[in-house]
Amino acid sequence: MEQFLTQFFNVSLMLEAWPIVSRGLLMTLLLCVVVVPLGFAGGLMVALLGTVEHRWVRWPLVVYVDFFRAIPPLVLLIVIHSGLPFAGIRFSPFASVCLAFFLNNSAYYGEILRAGIDSIGKGQVDAARSTGLNALQAQIYVVLPQAIRNVLPDLVSNTVEVVKLTSLASVVAFHELLYSAEMARSITYNASPIVMAAGLYILMLWPVVRMLSRFEHRISS
Amino acid sequence: MTAFERFTDAFFNTEVLATYWPVIAKGVVVTCQLAAAVVVCGIAMGMALAIVRSYRFKAINFLIVCFADILRALPPLVLILLLYFGLPNVGFNLSGFLAVWLVLTLVLAAFTEEIVWAGILSVNKGQWQAARSTGLSFTQTLIYVILPQAVRLTVPPLTNRTIAITKNTALGTVVGVGEILNEATTAQAFSGNASPLMLGAIAYVMLFVPIVYFGRWIENRFAWKRA
């Protein structure tokens, strides 16, 4: 038991590792601030293009969404980070992560927003158009506000997934939370820094997860 | 060489592909084994937890909620590294395969528990009362009346979640599991050529596109029929 505690919950080691790990935490937050709005904007674009009923728009979009939903994000990240250099395209870890997350997240956010748009009756668009709004204005001012409200839990839940996914950036040596904790672990041969990182992730995400559960149960009962 | 030839030479080099495709195929087998083990164990465990939770023992439910919350809030990669690098220090040696299997199973179980529990709650209270008044016991009501209705509601979200977690088998590459991504990156390093990585990516797409379609079909098939 004591061995377990010193290996996983060594407080003095955690304090020692804190300067490295806290810098990692900052980078994770920075990454989230960049990646979440970027993915959401991409998803918005995908969803809005999805309302265009032209096959030259529709088919490439379906292929795009299905492709990036099918490929694991880590595979995408590694293809971008260590595959593309063979074509002479070299990205920094940060840029690779941003690009991979943009492609992956815009497909996921796009799917969710599309479901939201589908949940709004066609009459809303017709009514909006008849007041003189053009197609894009009708979507932005009339459909989207209602659509987003309808799928808000899914959007939040996907955002939690995105924050969790930022830990993948450690694989391409981007110095975020998990990478810093893993570095501290490899120096000290002690798992406490990773436990600390886990604690930080829980601190960030647990309130959101709890809120989501409450929300789901309220809808169903 | 034209630019196009240079491109195909670096990314779809037939010689390199011929050498390395058996390795990637081996990776496909490992990925499938890992995914199957995770899906079966994770869903079974999640269902069991949701059933236990419906008996409403306070202390046990508290533990279940904690388990589900923590595993939904933690990135799986953090847990995998924790088990893979942490446990040997206290005398447990876990293979990479076991570590990934265990973590993904627990994560899937946590999500399954939450989804099935929401399904159980969504079944009208009158169903409980009616079933109990015919003389069925609590357990019989749960098994014969409530769960069949609850599970139907849970199929679409559960399918999507299962697909998302199955894709995480690629994380195995970080702890040396010989799945597709690991074999592909190793082969890329040996050959100095991006073709094995492309082949690996194609293998993933070929594995998962049908599954994504299946998920979409399930979603439509089990969709709420609105009056």
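Up top you'll find the structure we're talking about.
Let us look at the structure shown here.

What counts, and where the lines are drawn
Residues numbered from 1 in each chain as written. Chains lettered and ligands numbered in written order. Predicted model: local features only at pLDDT ≥ 70, side-chain atom pairs only at ≥ 80, totals over all residues. Heavy atoms only, no water. Helix = DSSP H or I, 4+ residues; strand = E, 2+ residues; numbered from the N terminus. Rg over C-alpha atoms; globule rule 2.2 N^0.38 Å. Core = buried A, V, L, I, M, F, W, Y, C linked by side-chain atoms within 4.5 Å. Buried < 20%, exposed > 50% of the residue type's maximum accessible area, 1.4 Å probe, protein only. 1 Å grid on protein atoms, 1.4 Å probe; cavity = no way out; pocket = protein on both sides within 12 Å on 5 of 7 lines; lining within 4 Å. Points joined across faces, edges and corners; volume = space filled by probe spheres on them. Nonpolar A, V, L, I, M, F, W, Y, C, P; charged D, E, K, R; others polar. Polar contact = N/O pair within 3.5 Å; in protein donor to acceptor, adjacent residues only side chain to side chain. Contact = heavy atoms within 4.5 Å. Axes fitted to C-alpha atoms, helices over the stretch in contact; angles between N-to-C directions. Parallel < 35°, antiparallel > 145°, perpendicular 65-115°, else oblique.

**A look at the overall build of chain B**
Here is step 1: Helices and strands together make up the secondary structure of chain B, namely nine helices and zero strands.
Here is step 2: Along chain B, helices and strands appear, N-terminal first, in the series α-α-α-α-α-α-α-α-α.
Here is step 3: Computed over C-alpha atoms, the radius of gyration of chain B comes to 22 Å, more than 25% over the 17 Å expected from 2.2 N^0.38 for 227 residues, which places it beyond the range of a compact globule.
Here is step 4: With respect to the three principal axes, the spread of C-alpha positions in chain B is 80 × 55 × 25 Å.

**Some thoughts on the nonpolar core**
Side chains of nonpolar character tend, in soluble globular proteins, to be buried together.
Here is step 1: Judged by nonpolar contacts, the single largest core of 99 residues is most densely connected at Val75 of chain A together with Leu181 of chain B.
Here is step 2: In this structure, Trp117, Val123, Ala131 and Leu147 of chain B belong to the second largest nonpolar core, which totals twelve residues.

**Let's talk about the layout of surface pockets**
Here is step 1: The space that makes up the second largest pocket amounts to roughly 840 Å³.
Here is step 2: Lining the second largest pocket we find 31 residues, and of these Gly50, Thr51, Val52, Arg58 and Asp118 of chain A sit closest to its centre.
Here is step 3: When contributions to the lining of the second largest pocket are tallied by element, the ones reaching two or more residues are helix H2 (11-50), helix H3 (55-70), helix H5 (93-118), helix H6 (122-130) and helix H7 (135-150) of chain A together with helix H9 (195-221) of chain B.
Here is step 4: In terms of residue count, H3 of chain A provides more of the lining of the second largest pocket than any other element does, six residues in total.
Here is step 5: Across the lining of the second largest pocket, the residue classes break down as 16 nonpolar, five polar and ten charged.

**Quick look at the side chain of Ser170 of chain A**
Here is step 1: Along the chain, the position of Ser170 of chain A falls in the loop between helix H8 (152-165) and helix H9 (177-188).
Here is step 2: A polar atom in the side chain of Ser170 of chain A sits 2.7 Å from the backbone oxygen of Ser167 of chain A.
Here is step 3: Ser170 of chain A has contacts with Glu176, Leu178 and Tyr179 of chain A together with Leu77 of chain B, leaving out every residue within four places of it along the chain.

**Regarding the packing of helix H4 (residues 73-83) of chain A against helix H8 (residues 180-191) of chain B**
Here is step 1: In the contact formed by H4 of chain A and H8 of chain B, the axes pass within 11 Å of each other and the chain directions differ by 5 degrees. It follows from the interaxial angle that H4 of chain A and H8 of chain B lie roughly parallel. Residue-level contacts link Leu74, Val75, Ile78, Ser82 and Gly83 of chain A of H4 of chain A to Leu181, Thr185 and Gln188 of chain B of H8 of chain B.
Here is step 2: Here the residues of the contact of H4 of chain A with H8 of chain B sort into four nonpolar, four polar and no charged.

**Some details on empty space enclosed by the protein**
Here is step 1: All told, the structure shown has one cavity of 30 Å³ or more when counted by the stated rule.
Here is step 2: Quantified by volume, the largest cavity comes out at close to 30 Å³.
Here is step 3: Lining of the largest cavity is provided by Pro72, Pro73, Leu74, Leu165 and Leu168 of chain A together with Lys167, Asn168, Ala170 and Leu171 of chain B.

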